[in-house]
Each structure stands twice: as structure tokens, then as C-alpha cells.
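Residue-level structure breakdown
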Amino acid sequence: MSKQGSFAFAGAKGGKKPAGTARKAATKKAAKPAAKKAGRKKAAKPAAKKAGRKKAVKPTATKAGRKKAATPRTRTTANEMASKQRDISVSEFFAKNRHLLGFDNPSKALLTTVKEGVDNALDACEEAGIAPDIRVEIHQKDETRFRIAIEDNGPGIVKSQVPKIFGRLLYGSKFHRLRQSRGQQGIGISAAGMYGLLTTGRPIVITTRTGAKKPAHHFELVIDTKSNEPRVKKDLEVDWQSDHGTRVEIELEGAYRGGQHSVEAYIRQISLANPHARIEFLPPNPEKTNGSVLFDRVTEELPPETDEIKPHPYGVELGVLMQMFRDTKSRNVRGCLQADFSRVSGRIADEICTRAKVPGKRRPSEVTRDEAERVHKSIQATKIMSPPTDCIAPIGEDLLESALRQEVEADFYASVTRKPTVYRGNPFMIEVGLAYGGKLSGDDPVTAFRFANRVPLQYQQGACAITKAITGTDWKAYRMQQPRGAMPVGPMLLMVHIASVWVPFTSESKEAVAQYPEILKELRLGLQECGRRVATHIRKQRREADEEKKRAYIVKYIPQVAVGLQEILGFADKERDKVVNNLTDVLEKSRKL
């Protein structure tokens, strides 16, 4: 075979191939990727294994089998549900929800116990016309256990009433009367005793005496929370040095803290709002204070005695009005309106009945719901005089300022007592006291003391109407700094007091005042009046500072002026000194210094 032939043969093999051969080769090449893909699918053994695993999940099938094989649960019948219903006593409720009463943490619980004891002591002394002399003792038993004792010189408590007052929640004399008082609900001191029982198992101890010729009674009792009834453990007659008064001792789990929410800070504030009271405080660490701390009374004069008033028609809701019609002793609707409400004369009663189209001679018990609703609407549409305000005992501008002067060393003091006004038919009054300058810090927000019926409010400051009124006042207009929506900054202490027959607290723990529009308006007006006075003082201070600065410049250059005159006119030294004295006299007279 020639070389050319061999090359032709090679070209035939490696070059152009026959059509059939080319199709087969193309088919094989095209089949390779498909084969690879098919191989990959066949090789996806993990997926097959997973599918196999899913099918072979026997435990699930076993559980399902168990569920099917389980005995069906029997449903509770209506009769069984009815048999489980029972009454819940108020003490049982508050034992589980003690945070509502201010016993949600150890330090607050200790402070709340002291607060309730001091409030009761002040109320008892004032009602009996006795200048309060109160002693507060805190004895530390161990790291978390304290024994609190509050002793007063009040009228004492009748023996038969002691178990009910200290061993039953919602038992008291102040809830149903419209008259200013610190306590309102009859919960405080009995709740403190219940908290002590829950945390330490110790009973509340009471020693009381009603007169020098009467025996002193010593009680130890606990509260049965299921029935809200007292259980007396001890009832003895003992010798006691006081002629009259009450001593209450409660042992509890607590924590003694310093600072803004401490017991000492609370007593300091309550002495401000009660300048007629003498309070002695024995802290758990008396070695640091060299014994007890005394907050002496500023005045011997007691607050004016308050009278009980009847509800005002504007503050009565429809359901309450219907209940009053059912319970009244009056023979007709006209007489009920006159006798059971304040500020309703015979003419006003006739006007209300005429507008409501209800006969004034109708028996109150026969008044239908529709008629009662018409009477209620007629009351709101009738002009009735505001309720009397002799049921309120304000601190007074003079005593408020005297208390601030004793407590704070400042340059300027101001106090304002607003005229009484009404919210929901309840009379109330706003008082504002202010101390500015002196040793108060000028770089921090102002200190605000909040009071309701002469009682300091220690917690929930942000939720209180008093705080909202302070932050809502434009203090920049009164020459003070104030970040937007915050407390003003400057060397100032504010004391704001609301006095009312019924303070609208936001919770049972009585820590913040509700934000009624009428209350907010009066708070702002009182704050603005004090603000105008402090602005006048600040302007005067700045003017005097400017004048002092100018005077200093003149005093500095008077000798130089005299020397210049001496050089020009040839004065002697004696005449030069005389010129200096004359110019100094003229300066002092012109500056009125």
C-alpha cells in the first residue's frame, strides 16, 4: 500500500465518517449526558433512604395506636361544675394579689406598713382633737426580717373593735362618709398584718388603752383569709405607761433601704404636710444616727375640724340614684332630693321633677327605671350650687411655707392655696409650695413632693396627675430650663397637695392620683401662680447681680479717677482721698446699697 493510500485510510478514519457511522457516534455522545443524569437519579440513594425512613417511622404509628386505644376522658357535667363554685373572700383575693396593696417587693412592703400605721395614728389623733405624738420603731431581727412598731397618743380603741379593725379587710368608718381623711377603704393596716402573717407566720400585736382609769388591753391575732375573719390568739389586760393611745407591732419579711423611697424620707415628707405632728423615728441602725431621729411639730394648732357632707347630685350615677330611691326614708321624690343630697333646696327639687316630668309626690320606691333616668338627666341640666367645702382641711399657705423653711435652706419661698372646686360632685382643693435657690442643686431636675390628704405619694410618679401637671407647665416662661416633656431643671423643690373628701387614686395602693381634667386644670393654675412668683424673684436676682457687677467695676476705677484728677488739678493726697470717699458715697446712694 502506498503512503498516499495509507494517508487516505487515516483520513477516512479520523476525518469524514460515513453517514451511518456519524449518526451512531452522535447518538452515543448525546446519550452520555442523559445516561449520566439517569445515573445520578438512580444514585440518589439518600433520598430513597429518607423516603424509606419516613415509611418506616414505627414509633409514630405506635403513639397513634396508643391514642386510639386510650380511654376517652369524661367531661365535667354542669352539676359537677356547680359543686366546685364557692365564694372568694376579699382577704383571700388580696393575699394572692398583694401587689395591688403595695406589698410587691420587700422594701416597698416595709415602707407601706409604716405608712399605713402612721396614717391611722394621725387620723385617730386629729379626730379626737389631740396633737399627734407618734413613735415609729424598726427592729431588725435578721437580714430580711424586721419588727415594726407604731405607737401614738390617740384616743385608743374599744376592746370589742380591735379584732375587727386589725383582723378584717374592708372594715372601717371612713368609706361611707364624705369627709377628708387619710384612710378610705379600711384595708391598709389589716393588709399589713396579713402580709406579716404570710411571710413570717407571726400574729399582729396590739396594745391599746382608752383612758387613764381604763385597763390596757393586749391582743395577738391573725386573719383567716378564707373567711376574712379575725382569730384572736391572746387577749390580756396589761400594765402600760400611756394613759391613752395604741401601739401596733408587725413582724414581716422586708428590706430597709435608704434614698428617695426610704422610711426616713417618707417620715420627713409627712412631717412637712403635717406640721402639727411630732414624729420620733428609731431606725434599725440607731448607732449611725446616735439614736432616734426627731421631727418636731411646727405648730400646736390642729387642722380645722371637717364636717361630713351628703353626696352632690352632679356626682351621682344612674344606678346609684336608683339605689338611693330604694333605700331612702323620705316619703316622696321631692323630699328624697332635698334630704339625701347637698345643695338641693325645695325650689331646685321642684325644678328637677318638673323637667323630668316625674311627680314630686311620687313614692321613691315606685319610681321606674325610665323615670329615674329622666330625673338623672334633669339633674345634669339643672344649675346647682357647688358642694360645701367645710369637709376639707387644707394645710394653709402660712404653715406650708413654715414647713418648707424648716426643711429646706433656700433663698425664696412661695405657697398658694387655690379656691375649692369640684370633680364628679366631690369637692377638692389644690395647694402648691415652692422653695428656690440656697443649697438646692441647680444641675438636677427639680424635686417634687406629691401629697394627697396630707399623705406622701412615694411610687408611680409617672402615672400621677400631679407629675403630668408639672411637666405640662411651661417653666421656660418663668426663667427656668426645661427639656421637652420633662421636669424642669434648677435649684427648686415643689410640694403639691390635693385635699378632697374622696381622692381618685389609680389603684388600691394609693400611689398616684387619677388624671381628671378638673384636677389637672387646678394643678396647672396653682403651679403657674407659684411660677410667676419665682420668675419675679429670678429677675430680681439677675438684676441685682448685674448691678453688683457694675458697682464692682466702678469701685475698681474710682481710685484711678481720683489719681487722674490729682494729676490734672494738682490735688494733695488728702484731697484725693476725699474725692474717693465722695465718689463712693454717690455710688452707694445711686445704687441703693
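Sequence positions are assigned chain by chain, starting from 1 and proceeding in written order. Since the coordinates come from a predicted model, pLDDT governs what is reported: local features require at least 70, and pairs of side-chain atoms require 80 or more to be given and counted, while whole-chain, interface and lining totals use all residues. Side-chain metrics rest on all non-hydrogen atoms present in the structure, leaving aside hydrogens and water.

**Remarks on the overall build of the protein chain**
For clarity, the threshold we go by: Under the DSSP-based scheme used, a helix requires at least four consecutive residues in state H or I and a strand at least two consecutive residues in state E, with every element numbered from the N terminus. Summary of the burial criterion: residues with accessible area below 20% of their type's maximum are buried, those above 50% are exposed, and those between are partly exposed, where the area comes from a 1.4 Å probe applied to protein chains only. The contact criterion used is simple: two residues touch if any of their non-hydrogen atoms lie within 4.5 Å. In this description, accessible areas are obtained by the Shrake-Rupley approach with a 1.4 Å probe, and a residue is regarded as covered only by the protein chains that are shown.
Each helix and strand in the protein chain was counted, giving 19 helices and 14 strands. Every one of the 593 residues in the protein chain was classed for burial, and the buried ones make up 42%. Taking all contacts inside the protein chain whose residues are at least 6 apart in sequence as the whole, residues at least 24 apart take part in 71%. When the accessible surface of the protein chain is summed, it comes to about 33,300 Å², and 51% of that surface belongs to carbon and sulfur atoms.

**Let's talk about the pairing of strand β5 (residues 229-238)**
Selection criterion: Two strands pair under a simple rule: DSSP has to find at least two bridges between them.
As defined by bridge partners, strand β4 (residues 216-224) adjoins β5 across nine bridges and the pair is classed as antiparallel. Paired with His217 across the two strands is Glu237, which belongs to β5. The hairpin formed by β4 and β5 contains four residues between the paired strands, and Asn228 there has a positive phi angle of roughly 55°.

**Points about the packing of aromatic side chains**
Rules: Any two of the Phe, Tyr and Trp rings considered here, Trp counted by its six-membered ring, make a pair once their centres fall within 6.5 Å; the pair's planes then place it as stacked at under 30 degrees, edge-to-face at over 60, or tilted in between. The rule is short: NZ of Lys or CZ of Arg within 6 Å of the ring centre and within 35 degrees of the ring normal puts a charge over the ring.
Counted by the stated rule, this structure contains four aromatic pairs. Ring geometry for Tyr423 versus Phe428: centroids 5.7 Å apart, planes at 70°, classification edge-to-face. Grouping residues by exposure puts Tyr423 and Phe428 together as buried. Pairwise contacts between aromatic rings join Tyr423, Phe428 and Tyr516 into one cluster. Above the face of the Tyr459 ring, Lys108 is positioned so that its terminal group lies 4.7 Å from the ring centre.

**Observations concerning the side chain of Glu522**
Residue placement: Glu522 occurs in helix α18 (residues 517-569). Setting aside anything within four residues of it in sequence, one finds Glu522 in contact with Arg418, Lys419, Thr421, Phe428 and Ile430.

**Re empty space enclosed by the protein**
Stated formally: With a 1 Å grid laid over protein atoms only, a set of points is called a cavity when a 1.4 Å probe fits there but cannot get out and a pocket when it is open yet has protein on both sides within 12 Å along at least five of seven lines; lining residues have an atom within 4 Å of a point. Grid points are joined across faces, edges and corners, and a volume is the space filled by probe spheres set on the points. Residue polarity is assigned by list, with Asp, Glu, Lys and Arg as charged and Ala, Val, Leu, Ile, Met, Phe, Trp, Tyr, Cys and Pro as nonpolar; anything else, Gly included, falls into the polar class.
By the definition in use, this model includes three cavities of 30 Å³ or more. When its volume is computed, the largest cavity comes out at roughly 100 Å³. What lines the largest cavity is Leu101, Gly102, Leu111, Thr112, Lys115, Pro456, Leu457, Gln458, Tyr459, Ser509, Lys510 and Glu511. Here the second largest cavity defines a volume of roughly 70 Å³. Taken together, the residues that form the lining of the second largest cavity break down as five nonpolar, three polar and four charged.

**A look at unusual backbone geometry**
Glycine aside, negative phi is the norm for most residues, and most peptide bonds take the trans geometry. The phi dihedral of Arg454 falls on the positive side, at around 70°, and the residue is not glycine. Despite not being glycine, Gln460 shows a phi value in the positive range, around 55°. Within the secondary structure layout, Gln460 lies in the loop between β13 (455-456) and α17 (465-472). Judged by its relative accessible area of 36%, Gln460 falls in the partly exposed class.

**Examining the nonpolar core**
Keep this limit in mind: Put simply, buried Ala, Val, Leu, Ile, Met, Phe, Trp, Tyr and Cys residues joined by side-chain atoms within 4.5 Å make one nonpolar core.
Core analysis: the biggest nonpolar cluster contains 45 residues, and Val114, Val136, Ile138, Phe166, Val263 and Ile267 have the highest contact counts within it. With seven residues, helix α7 (residues 106-127) is the single largest residue contributor to this core. Setting aside residues up to four positions removed in sequence, Val136 forms contacts with Val114, Val118, Ala149, Ile150, Ile267, Glu280, Phe281 and Leu282. Among the nonpolar cores identified, the runner-up in size contains 38 residues, and Ala414, Ala465, Leu494 and Leu523 belong to it.

**What about the environment of Leu110?**
Within the secondary structure, Leu110 is located in helix α7. A residue is classified by how much of its surface remains accessible, and Leu110, at 1% relative accessible area, is buried. In this view, Leu110 contacts Ile138, Phe146, Ile148, Ala255, Tyr256 and Val263; residues no more than four positions away in its chain are not counted.

**A short note on the environment of Glu575**
Mapped onto the elements of the fold, Glu575 is located in helix α19 (residues 573-591). For Glu575, a relative accessible area of 43% translates into the label partly exposed.

**Focus: the confidence of the model for the protein chain**
Operational definition: Each residue carries a pLDDT score, the predictor's confidence in it, ranging from 0 to 100.
Taken over all residues, the pLDDT of the protein chain has a mean of 80, while the share at 70 or more is 84%. The low-confidence segment residues 1-58, where pLDDT is below 50, has four contacts with residues more than four positions distant or belonging to other chains. Counting interchain partners and residues more than four positions distant, the pLDDT-below-50 stretch residues 60-65 has zero contacts.

**Quick word on the side chain of Gln269**
By the secondary structure assignment, Gln269 is in helix α10 (residues 263-273). Given a relative accessible area of 6%, Gln269 falls into the buried group. What Gln269 contacts, discounting residues up to four positions off in sequence, is Phe449, Phe451, Pro456 and Gln458.

**A word on the packing of helix α12 (residues 318-327) against helix α15 (residues 369-381)**
Test applied: Fitting a line to C-alpha atoms yields each axis, with helices limited to the stretch in contact; the angle taken between N-to-C directions then spans 0 to 180 degrees. Crossings are assigned a handedness: left-handed for a near helix turned anticlockwise from the far helix by less than a right angle, right-handed for a clockwise turn.
Following both chains from N to C, one finds α12 and α15 inclined at 115°, their axes separated by 10 Å at the closest point. Crossing of α12 against α15: the hand is right-handed. Together, Leu318, Leu321, Met322 and Phe325 of α12 and Arg369, Ala372, Glu373, Val375 and His376 of α15 make up the contact between the two elements.

**Quick look at the sheet that holds strand β8 (residues 293-295)**
Within a sheet, adjacent strands bond to each other through the backbone by hydrogen bonds, running parallel or antiparallel. The eight strands lie next to each other as β5-β4-β3-β6-β2-β1-β7-β8, forming an open sheet whose pairing is mixed. In this open sheet, the two strands that pair with only one neighbour each are β5 and β8. For this sheet the average axis-to-axis angle between neighbouring strands, irrespective of direction, equals 15°. With six bridges joining them, strand β1 (residues 133-140) and strand β2 (residues 145-152) adopt antiparallel strand pairing. Bridge pairing in β2 places Val136 opposite Ile150. In this fold helix α9 (residues 188-200) packs onto β2, β3 (204-209), β4 and β6 (245-253), with an angle of close to 35° to the strand it touches most, β6.

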